[in-house]
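Observations on chain architecture
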Amino acid sequence: MTAPLLEVQQVSVRFGALTALSEVSLTVESGKILAIIGPNGAGKTTLLNVISGFYHPTAGRILFEGRDRTHLSPPDVAELGVARTFQNVALFKGMSVLDNIMTGRLLKMNGSFLLEALYWGPARRQELAHRAVVERIIDFLEIQAIRKTPAGRLPYGLQKRVELARALAAEPRLLLLDEPMAGMNVEEKEDMCRFILDVNAEFGTSITLIEHDMSVVMDISDRVVVLDYGRKIADGLPEHVRKDRAVLDAYLGVSHD
Amino acid sequence: MTEALYALLVGPFKDMGSSPAFFAEVLIGGIFAGLMYSLVALGFVLIFKASGVFNFAQGVMVLFAALTLVGLMERGMPVALALAITAGVMILLALLIERIVLRPLVNQAQIILFMATIGLNFFLEGFGEMLWGSNVKRLDVGIPDTSFKVAGVLINRLELTAAITAAVLVSILAIFFQRTRIGRALRAVADDHEAALSIGIPLKTIWVVVWSVAGLVAIVAGIMWGAKSGVQFSLSLVALKALPVLILGGFTSVPGAVVGGLIIGMGEKLGEVYWGPLVGGAIENWFAYVLALVFLLFRPQGLFGERIIERV
Amino acid sequence: MIYREAGQFKTTYAADQAIFPIVQDRVMAALGVAAAFVVPPLVADEYWLQAVLIPFLIYALAAIGLNVLTGYAGQLSLGTGGFMAVGGYAAFKLTSALPQLSILFVFVLSGLVAAVEGLLFGIPSLRIKGFYLAVATLAAQFFLIWLFNKVGWFTNYASSGTITAPPRTVLGVMVTGPTASAPVRYLVALGFVAVLALATKNLVRGRIGRSWMAIRDRDIAAEIIGVRPLRAKLLAFGISSFYCGVAGAEYVFLYLGSAETLAFDINVSFLVLFMIIIGGLGSVLGSFLGAAFIVLIPILLTNAPHALGMTMPVALQKQLEVMVFGGLIIFFLIVEPNGLARLWQITKEKLRLWPFPH
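The structure displayed is predicted, hence computed values, not measured ones. (Residues numbered from 1 in each chain as written. Chains lettered and ligands numbered in written order. Predicted model: local features only at pLDDT ≥ 70, side-chain atom pairs only at ≥ 80, totals over all residues. Heavy atoms only, no water.)

A word on the overall build of chain B. What chain B contains, in helices and strands, is 13 helices and two strands. By the compact-globule yardstick of 20 Å for 312 residues, chain B fits well, its C-alpha radius of gyration being 20 Å. Taking the principal axes of its C-alpha atoms as reference, chain B extends roughly 65 × 60 × 35 Å. Counting the 312 residues in chain B, one finds 52% classified as buried. In chain B, the share of contacts with a sequence separation of at least 24, taken over all contacts with a separation of at least 6, comes to 75%. Accessible surface for chain B amounts to roughly 13,500 Å². Of this, 67% is attributable to carbon and sulfur atoms. (Helix = DSSP H or I, 4+ residues; strand = E, 2+ residues; numbered from the N terminus. Rg over C-alpha atoms; globule rule 2.2 N^0.38 Å. Buried < 20%, exposed > 50% of the residue type's maximum accessible area, 1.4 Å probe, protein only. Contact = heavy atoms within 4.5 Å. Areas by Shrake-Rupley, 256 points an atom, 1.4 Å probe, with all protein chains shown as cover.)

Here it is in structure tokens:
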């Protein structure tokens, strides 16, 4: 049994008088899909932000593959192989879809800027090699037609898909998705689920997602963690969590089985 | 080496102590200069607080107001009438600016609006010069530019009037923003144009009102500055000086504009008189900006401004 | 122009990534560049070269520099004049101290000096954004001008406070100084801006350009991807200042002949900013278009009344010029915030279909 990919240990986050997270612990197993659910304001996005390195916990630790990584900056976390999407899509509006996804390849690119200024030799070959990788992702997510469209002009559903593509371009070990299906219709949600499952199956990427749609959560996740008012109130297999008393009281309501 | 350090860190203070009356005069000169900056900065704060726009053209508006006033008075109009007409002109200007510049750019990024006000700045500069000519004009508002002594320290009547005017204006404006319904509405508008629109706040009216008030403040500032140094084009450069004042005081704070102005004014004067000779003078050209830069590094919201928190 | 793209399929990514993917565009561009090198020196008269083309090329270079910083990387700067001044004064000192050094190399070195200074003034950009950063750049602008005014060493203690370009030759041809001919100076300026424009285009369509645009569009998301903001911003400041420094050196040596700090004051900063706003933020072509526009307007205003048979006093001309600049800025920001470059793009799009309606 290898060390879990990510461990959150007793993390608390306080903003002045406001406590966003209180002694939350969870583990992310390598190659598994974890769903984080809970009412609005429970601290789900805050948790993702802590893992991403935007906020540093007021207390507690974060371990990545057994090593303490609590006080890293976002670019450092990216270098560990963590990629994410945002609740309010954070695409680069001024750039085309292709360029947006290419930015995801950034950490895989190294180069001398002199060679790049000449667009010659190794710089050129590298650019083309990355382009090939990105094109495979574009095929995978079926967004070929909008490659050159400026990201700001796309409808919401497509923007979310492009954001997923950008995250995938980094070939991450851990993918953090913040409400990837928000605002989508049934068909789009099915597509998104398919993509997420495919990514997990084909590349073994560990996925942690925040999601409100319970059918999606039950369908695709291996484990579920429930947050409420900044605390974890349940953690286990989907079927168990769904019947958990505390969860029903706080979030799900009475279930009609 | 030690001589240099001594000259830098000890000498100036000794100079200050050796003639306290002079020191007091320099300080007071700095306070008054600072208050003049504050008057200009006030216009900025008003507009920024109420419309979220950083009005680079504020200095030019001060100039324009002064030019109009002087121009009318030179043609024989009595002061009161000239003032009334100038006020009318500034209100008309506010109407035009709202219609032509602000309305089309509603809800664009702040930086776009800022650049539009840079364009406005240039336009008004050329326009003002075209209308009223470019030579320096004297502005006489009936307050003599003479000094009297208090406890051995020279105080200038004109500067004293400016200080009192500034104090009165600041108090009125501060009360207005904090206590009245309109003030609250203005703050809502500054926060989010679209949201304000959607709850029925009449954006256009508010903008015209605010820019008009800023225009009237500009008239007061223009009178004070113009009476002191004559109405000339260097007045529009004052706008640039007001930027550091705002950074120190906070962009959204009326009392901050005063405190910031005082600090800049005093700092400049003291720096120029006591440290200036060490480096050949003219420190005033950059002192304010460097001070602002230092502030930006350590306290970007200024002394009284609101902290900007970015949501992820 | 329906012939433009029909039948041209790009079969490799390389073909797609090219600066001019369409054959006709490539040919036109090549012809255009060749023409730029050959035609004006042969055909244009002294006035056109001296008053229009040479300043156009120099301003275009400065505009590309500012566009890198403000248009691509999103860091608003009002210090362009100061950075150009650094280049100008550095070139003067370098060539005075080492007259045997090729003036072309001196230009490059001055650019590097300006780049170092740009890096220094760029350090605050990590903590300061938007127009707060603009104020910081104002500090740089005023401080630098004051420095060059006060410290006599920069002008080699000239009593007039001006720096003058000494005569220098390259391969036996007089390039700077009073006897350097306009066509030669034109070619040098053209050479520099052509090379540097190409380099910029290559940089911005690759990794570095994307990092800049990421910072500009959403710097928080940029960090998530792994962009290190300070590094990217400093690179932008450095490269931008390099271009402005070279432009500043050219300004003194190839255009003005002699200069004092007034030549680099805050108005220059605004002028170059206007160029990139009108021409198009984040566009190399836009830098050229904006520079051309701004250089031509005073010429137009000087000559138009003449052509219409009226006379206009010089003062009024200047005032109108300033008003037109201001008005145009507002106009472009309202109508086409992406400037002339976007208008050009839209025109090309429309021409793809013309004369068919759809």
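Turning our eyes to something else, we now look at the nonpolar core. Within the largest apolar cluster, 249 residues are counted, with the highest numbers of intra-cluster contacts made by L47 of chain A, F54 and W211 of chain B together with W212, F264 and L273 of chain C. Here this core spans two domains, and each of domain 1 (1-81 + 172-257) and domain 2 (94-171) of chain A adds at least three residues to it. Core analysis: the second largest hydrophobic core is formed by 37 residues, V134, I137, L175 and I196 of chain A among them. (Core = buried A, V, L, I, M, F, W, Y, C linked by side-chain atoms within 4.5 Å. Domains from an automatic or database assignment.)

Moving on to the packing of helix 3 (residues 46-72) of chain C against helix 7 (residues 182-204) of chain C. Residue and element names in this part refer to chain C. Running from amino to carboxyl end, helix 3 crosses helix 7 at an angle of 20 degrees, the nearest separation of the two axes being 10 Å. Considered as vectors, helix 3 and helix 7 are oriented roughly parallel to each other. Considering the relative orientation of helix 3 and helix 7, their crossing is left-handed. For the pair helix 3 and helix 7, the contacting residues are E46, L49, Q50, L53, I54, L57, A60, L61, I64, V68 and Y72 in the first and A182, P183, R185, Y186, A189, L190, V193, L196, A197, T200 and V204 in the second. (Axes fitted to C-alpha atoms, helices over the stretch in contact; angles between N-to-C directions. Parallel < 35°, antiparallel > 145°, perpendicular 65-115°, else oblique. Left-handed = near helix turned anticlockwise from the far one by under 90°.)

Counting from both sides, the interface comprises 35 residues of chain C and, opposite them, 45 residues of chain B. Together chain C and chain B conceal approximately 3,700 Å² of surface at their shared face, both sides included; 83% is due to carbon and sulfur atoms. Run the count over chain C and chain B and you get zero salt bridges. Where chain C packs against chain B, one counts one residue pair in polar contact (both at pLDDT 80 or more). Counting only elements with at least two residues in the side of chain C that touches chain B, the list comes to helix 6 (130-150), helix 8 (207-225), helix 10 (266-279) and helix 12 (314-335) of chain C. (Buried area = accessible area lost by both parts, 1.4 Å probe. Salt bridge = Lys/Arg side-chain N within 4 Å of Asp/Glu carboxyl O. Polar contact = N/O pair within 3.5 Å; in protein donor to acceptor, adjacent residues only side chain to side chain.)

In this description, a pair of aromatic rings is defined by centroid distance and the angle of the planes. Applying the stated criterion across every chain yields a total of 29 aromatic pairs over all chains. Residues W286 of chain B and F143 of chain C carry aromatic rings whose centres are separated by 5.1 Å and whose planes lie at 85 degrees to one another, so their mutual orientation is edge-to-face. Remark: F143 of chain C occurs in helix 6 and W286 of chain B occurs in the loop between helix 12 (254-279) and helix 13 (287-298); the pair is interchain, linking two chains. Residue W286 of chain B is classed as buried on the basis of its relative accessible area, which comes to 14%. By the ring-pair criterion, three or more aromatic residues cluster together here, those being F44, F54, F56, F114 and F122 of chain B together with F270, F274 and F325 of chain C. Over the ring of F92 of chain A we find R166 of chain A; its NZ or CZ atom is 4.8 Å from the centre of that ring. We note K93 of chain C situated over the ring of W153 of chain C; from NZ or CZ to the ring centre the distance is 4.0 Å. (Phe/Tyr/Trp six-rings, centres within 6.5 Å; stacked < 30°, edge-to-face > 60°. Lys NZ or Arg CZ within 6 Å of the ring centre and 35° of its normal.)

Residues and elements named next belong to chain A. One open sheet accounts for four strands, arranged 2-1-4-5; its pairing is antiparallel. Of all the strands in the sheet, just strand 2 (18-28) and strand 5 (67-68) have a single pairing partner and so form its edges. Relative to strand 1 (residues 6-15), helix 1 (residues 44-52) is tilted by about 115 degrees, and along the sheet it contacts strand 1, strand 2 and strand 4 (59-64). (Pairing = 2+ DSSP bridges.)

We now examine empty space enclosed by the protein. Residue and element names in this part refer to chain A. The final tally for this structure, using the stated rule, is eight cavities of 30 Å³ or more. If you trace the largest cavity, you find it lined by L6, V50, I51, G53, I62, F64, R69, T70, L72, V77, L80 and V82. For the lining of the largest cavity, the secondary-structure elements that each account for two or more residues are helix 1 and strand 4. The residue inventory of the lining of the largest cavity, partitioned by class, reads nine nonpolar, two polar and one charged. (1 Å grid on protein atoms, 1.4 Å probe; cavity = no way out; pocket = protein on both sides within 12 Å on 5 of 7 lines; lining within 4 Å. Points joined across faces, edges and corners; volume = space filled by probe spheres on them. Nonpolar A, V, L, I, M, F, W, Y, C, P; charged D, E, K, R; others polar.)

At the interface, 41 residues of chain A touch 31 residues of chain C. Carbon and sulfur atoms supply 59% of the area that chain A and chain C bury against each other, a total of about 3,100 Å² over both sides. Counting the surface chain A buries against chain C, the share from its top three residues, F92, L106 and E116 of chain A, is 18%. Linking chain A with chain C are four salt bridges. A salt bridge links D99 of chain A to R210 of chain C, with the nearest nitrogen and oxygen atoms 3.8 Å apart. If you look at where chain A meets chain C, you find five residue pairs in polar contact (both at pLDDT 80 or more).

The next subject is the sheet that holds strand 10 (residues 231-236) of chain A. All names here are of chain A. Taken together, the six strands give an open sheet; going across it, the order is 6-7-8-3-9-10, and neighbouring strands pair in mixed fashion. Two strands lie at the open edges of the sheet, namely strand 6 (82-84) and strand 10, each paired on one side alone. Across this sheet, the average inter-strand angle for adjacent strands is 15 degrees, counted without regard to direction. Alignment of strand 9 (residues 223-228) against strand 10, held across five bridges, turns out to be antiparallel.

On to the packing of helix 8 of chain C against helix 9 (residues 229-256) of chain C, then. All names here are of chain C. Where helix 8 contacts helix 9, the two axes come as close as 10 Å, and the packing angle between them is 140 degrees. As summarised for this structure, helix 8 and helix 9 are arranged oblique, according to the angle between their axes. Considering how the two elements wind past one another, helix 8 and helix 9 form a crossing that is left-handed. Contact residues: helix 8 offers I208, W212, I215 and E223, while helix 9 offers P229, A232, K233, L235, A236 and I239. Of the residues that constitute the contact of helix 8 with helix 9, the class distribution is eight nonpolar, no polar and two charged.

Considering the arrangement of structural elements, one finds T46 of chain A in helix 1. Beyond its immediate sequence surroundings of up to four residues, T46 of chain A is in contact with V13, F15, A20, L21 and Y55 of chain A.

Given a rise of 1.5 Å per residue, 21 residues ought to cover 30 Å, and the 31 Å separating the end C-alpha atoms of helix 6 of chain C matches this to within 8%. Within helix 6 of chain C, 16 of the 21 residues are buried, which leaves it mostly tucked inside the rest of the structure. (Expected span 1.5 Å × (residues − 1).)

Next up on the list: the pattern of salt bridges. Residues and elements named next belong to chain A. Across all of its chains, the model carries 21 salt bridges over all chains by this definition. Where R173 meets E65, a salt bridge forms, and the shortest distance between an N and an O atom there is 2.1 Å. Of this pair, R173 sits in the loop between helix 6 (156-169) and strand 7 (174-178) while E65 sits in the loop between strand 4 and strand 5, and the two are 108 residues apart along the sequence. Among the residues examined, E65 registers a relative accessible area of 41% and is labelled partly exposed. Put simply, R131 and E135 hold a salt bridge, and the shortest N to O gap is 3.0 Å. With R131 and E135 both in helix 5 (residues 121-140) and four residues apart, this pair spans about one turn of that helix. The exposure classification of R131 matches that of E135, with both residues buried.

It is worth spelling out the confidence of the model for chain C at this point. The predicted model of chain C has a mean per-residue pLDDT of 86, with 97% of residues at 70 or higher. Scoring the predicted complex yields pTM 0.86 and, for the interface, ipTM 0.83. (pLDDT = per-residue confidence, 0-100.)

With that out of the way, let us pick up a nonpolar patch on the surface. All names here are of chain B. On the surface, M1, L5, Y6, L8, L9, V10, L278 and V279 cluster together into a nonpolar patch covering about 780 Å² of accessible area. Mapped onto the nonpolar patch, the elements with two or more residues apiece are helix 1 (2-9) and helix 12. Ranked by the residues each element gives to the nonpolar patch, the list is headed by helix 1, at four residues. Looking at the element boundaries, L8 is found in helix 1. (Patch = residues over 30% accessible without salt bridge, like charges linked within 9 Å, V, L, I, M, F, W, Y side chains within 5 Å.)

Moving on, we come to unusual backbone geometry. With phi around 50 degrees, Q10 of chain A is a residue other than glycine that occupies positive phi space. By secondary structure assignment, the location of Q10 of chain A is in strand 1. Accessibility expressed as a relative area gives 43% for Q10 of chain A, which makes it partly exposed. Backbone geometry at L171 of chain C places phi at a positive 50 degrees, although glycine is not the residue there. Inspection of the secondary structure assignment puts L171 of chain C in the loop between strand 2 (168-170) and strand 3 (173-176).

Here the focus is the pairing of strand 7 of chain A. Residues and elements named next belong to chain A. With five of five residues buried, strand 7 is to be regarded as a mostly interior element. Neither face of strand 7 is exposed, since L174, L176 and D178 on one face and L175 and L177 on the opposite face are all buried. The sheet contact formed by strand 6 and strand 7 spans three bridges and is parallel. Across the sheet, residue R84 finds its bridge partner in strand 7, namely L176.

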